[in-house]
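Observations on chain architecture
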Amino acid sequence: MAGVNKTIHLGYLGKDPELRYTPSGKAVAHLSLATTETFKDRDGNKQERTEWHNIVLWGRTAEIAGEYLKKGSMAYIEGRLQTRKWTDKEGQDRYTTEIIGDRLQLVGSKNGSNGDHGSRRPSPSEAPSASATRTTQTGPSSSHSAHDDPFAALEDDDIPF
């Protein structure tokens, strides 16, 4: 039986995406995404726990992230966990676990009022088609849109930074 390696994240970018290109010309974007959990401790006090996730996007999905996402933007990302091994300057083996995103959905309105603190987004006439900018994926298609998002009413105060 095959296993399942699937992650789903909805959070805010902690910094602008870092978009680069491989020597062969393929786009790769690195994102830092924050997810925050709110809960009550044993004494009934409200607590928050923020987790930071390293996200890697490839190809056209990476280019769209670089074009439309900014620090503070909310994004929905589906992907898989991947751990890679690398060697540091001192010759020590290091490991990094990151999320390889295969689906990106931009969350928020087209006018940029999704918590990106005034970053300008292209008008609909400047942007690629809605299917390319609102949802990008390499897997099966989805009928969900950003307008179906129950989290769209979150305030700027909900941003964890």
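Nothing here was measured: the structure is a model prediction, and the numbers come from that model. (Residues numbered from 1 in each chain as written. Predicted model: local features only at pLDDT ≥ 70, side-chain atom pairs only at ≥ 80, totals over all residues. Heavy atoms only, no water.)

**Overview of the confidence of the model for the chain**
Here is the rule we go by: As a per-residue quantity, pLDDT reports the predictor's confidence and falls between 0 and 100. Helix and strand assignments come from DSSP, with helices taken as H or I runs of at least 4 residues and strands as E runs of at least 2, each series counted from the N terminus. Pairs of residues are marked as contacts when any of their non-hydrogen atoms sit within 4.5 Å.
In this model, the chain carries a mean pLDDT of 78, and residues with pLDDT of at least 70 account for 67%. Per-element confidence in the chain ranges from a low mean pLDDT of 35 for helix 2 (residues 130–134) to a high of 97 for strand 2 (residues 18–21). Note on residues 112–154: pLDDT is under 50 here. Beyond four places in sequence and across chains, it has 75 contacts.

**A few points about the environment of Glu-78**
Our working definition: The term polar contact refers here to a pair of N or O atoms within 3.5 Å; inside protein, the definition further demands a hydrogen-donor-capable atom paired with an acceptor-capable atom, and it admits residues adjacent in sequence only when both atoms are side-chain atoms.
Along the chain, the position of Glu-78 falls in strand 5 (residues 74–87). Not counting the four nearest positions on each side in its chain, Glu-78 is found in contact with Lys-6, Thr-7, Ile-8, Ile-100, Gly-101, Asp-102 and Arg-103. Engagement of the side chain of Glu-78 in a polar contact is seen with the side chain of Tyr-76, the distance being 2.5 Å.

**Points about the side chain of Glu-98**
Selection criterion: Any residue under 20% of the maximum accessible area for its type is buried, any over 50% is exposed, and the rest in between are partly exposed; the area is computed with a 1.4 Å probe on protein chains only.
By secondary structure assignment, the location of Glu-98 is in strand 6 (residues 93–107). For Glu-98, a relative accessible area of 6% corresponds to the buried category. In terms of polar contacts, Glu-98 uses its side chain to reach the side chain of Arg-84, at 2.7 Å. Apart from the residues lying within four places of it in its own chain, the contact partners of Glu-98 are Asn-54, Val-56, Arg-80, Leu-81, Gln-82 and Arg-84.

**Quick notes on the pattern of salt bridges**
Applicable threshold: Only one rule defines a salt bridge in this text: a Lys or Arg side-chain nitrogen within 4 Å of an Asp or Glu carboxyl oxygen.
Tallied over the full model, the rule gives nine salt bridges. Put simply, Lys-6 and Glu-78 hold a salt bridge, and the shortest N to O gap is 2.9 Å. Placement of the pair is Lys-6 in the segment before strand 1 (7–13) and Glu-78 in strand 5, with a sequence separation of 72 residues. Under the relative-accessibility criterion, Glu-78 is labelled buried at 13%. For Arg-84, the salt bridge is made with Glu-98, and the minimal N-O distance between the two is 2.7 Å. Pair noted here: Arg-84 is in strand 5 and Glu-98 is in strand 6, with a separation of 14 residues, a long-range link. Judged by its relative accessible area of 35%, Arg-84 is partly exposed.

**A look at the nonpolar core**
Note the following rule: Buried residues of nine kinds, namely Ala, Val, Leu, Ile, Met, Phe, Trp, Tyr and Cys, make up a nonpolar core once their side-chain atoms join them within 4.5 Å.
Ranked by internal contacts, the top residues of the largest apolar core, which has 17 residues, are Leu-31, Ile-55, Leu-57, Leu-69, Ile-77 and Leu-104. Taken together, the elements giving at least two residues each to this core come down to strand 3 (27–40), strand 4 (46–58), helix 1 (59–68), strand 5 and strand 6. Filtering out sequence-adjacent residues up to four positions away, Leu-69 remains in contact with Leu-13, Pro-17, Leu-31, Ile-64, Met-74, Ala-75, Leu-104 and Leu-106.

**As for the pairing of strand 3**
Selection criterion: Pairing between two strands is assigned when DSSP locates at least 2 bridges connecting them.
The pairing of strand 1 with strand 3 spans two bridges and is antiparallel. Paired with Tyr-12 across the bridge in strand 3 is Ala-34. Sheet analysis places strand 2 next to strand 3, joined by four bridges and oriented antiparallel. Bridged to Glu-18 within strand 3 is His-30. Counting the residues between successive antiparallel strands, the hairpin from strand 2 to strand 3 contains five residues, one of them, Gly-25, with a positive phi of roughly 95°. Where strand 3 meets strand 4, 13 bridges bridge the pair, whose relative direction is antiparallel. Among the inter-strand pairings, Ser-32 is bridged to a residue of strand 4, identified as Asn-54. Linkage of strand 3 to strand 4, two consecutive antiparallel strands, is achieved through a turn of five residues, within which Gly-44 is found at a positive phi near 85°.

**Thoughts on the pairing of strand 4**
Two elements, strand 4 and strand 6, share two bridges in a ladder whose sense is parallel. Within the sheet, the bridge partner assigned to Ile-55 lies in strand 6 and is Ile-99.

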